[in-house]
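Listed here are the chains, written in short residue letters.
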Amino acid sequence: MVKAPPPIKNRIREMRFHANEMTQADLAARIGMTRQTIVAMEQGKYSPSLETAFRIAQVFGVEIGEVFQWEG
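Residues numbered from 1 in each chain as written. Predicted model: local features only at pLDDT ≥ 70, side-chain atom pairs only at ≥ 80, totals over all residues. Heavy atoms only, no water.

A. The pattern of salt bridges, seen in detail. Tallying each qualifying case throughout the model produces three salt bridges. Here Glu14 ties to Arg11 by a salt bridge, and the two come within 2.9 Å at their closest N and O atoms. Judged by relative accessible area, which is 36%, Glu14 ranks as partly exposed. On the basis of relative accessibility, which here comes to 29%, the residue Arg11 falls in the partly exposed class. Between Arg16 and Glu42 there is a salt bridge, with its nearest N and O atoms 2.6 Å apart. Taken as a pair, Arg16 in helix H1 (residues 12-18) and Glu42 in helix H3 (residues 35-42) lie far apart in primary sequence, 26 residues in all. With respect to class, Arg16 is no different from Glu42; both count as buried. (Salt bridge = Lys/Arg side-chain N within 4 Å of Asp/Glu carboxyl O. Buried < 20%, exposed > 50% of the residue type's maximum accessible area, 1.4 Å probe, protein only. Helix = DSSP H or I, 4+ residues; strand = E, 2+ residues; numbered from the N terminus.)

So, in structure tokens, the structure goes:
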């Protein structure tokens, strides 16, 4: 059985690009996670915890809803 992707979409890659092309490693270091976790989120294979989602939004200086969207 193939696991369906999570119903949460994100704009992390786009926001990194607009933040002076921040690398996945830079973002990961700023939120205390691994680069591989950022990769998985960007590919829609992993949905972050609420705390992590807030941390990511804070890094970009935006509201959480500007980074993550529920596609339920």
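Continuing now.
B. Region of interest: unusual backbone geometry. You will see that Asn20, though not glycine, has its phi angle at about 55°, which is positive. Counting through the fold element by element, Asn20 comes out in the loop between H1 and helix H2 (24-31). You can call Asn20 exposed: its relative accessible area is 75%. Even without a glycine there, the phi angle at Glu21 is positive, about 55°. If you trace the backbone, Glu21 turns up in the loop between H1 and H2. For Glu21, a relative accessible area of 55% gives the class exposed.

C. Summary view of the nonpolar core. Counting residues in each nonpolar core, the largest one holds 15 residues, and the members touching the most others are Ile12, Leu27, Ile38, Ile56, Phe60 and Val67. Elements with a contribution of two residues or more to this core: H1, H2, H3 and helix H4 (50-60). Looking at this core element by element, the count peaks at five residues for H4. In this view, Val67 contacts Lys9, Asn10, Arg11, Ile12, Met15, Ile56, Ala57 and Val62; residues no more than four positions away in its chain are not counted. (Core = buried A, V, L, I, M, F, W, Y, C linked by side-chain atoms within 4.5 Å. Contact = heavy atoms within 4.5 Å.)

D. Summary view of the environment of Arg13. Within the secondary structure, Arg13 sits in helix H1. With 26 residues separating them in the primary sequence, Arg13 and Val39 have C-alpha atoms 9.1 Å apart.

E. Spatial organisation of H3. The buried count for H3 comes to six of eight residues, which makes it a mostly enclosed element. Buried residues belonging to H3 abut strand S1 (8-10), H1, H2 and H4.

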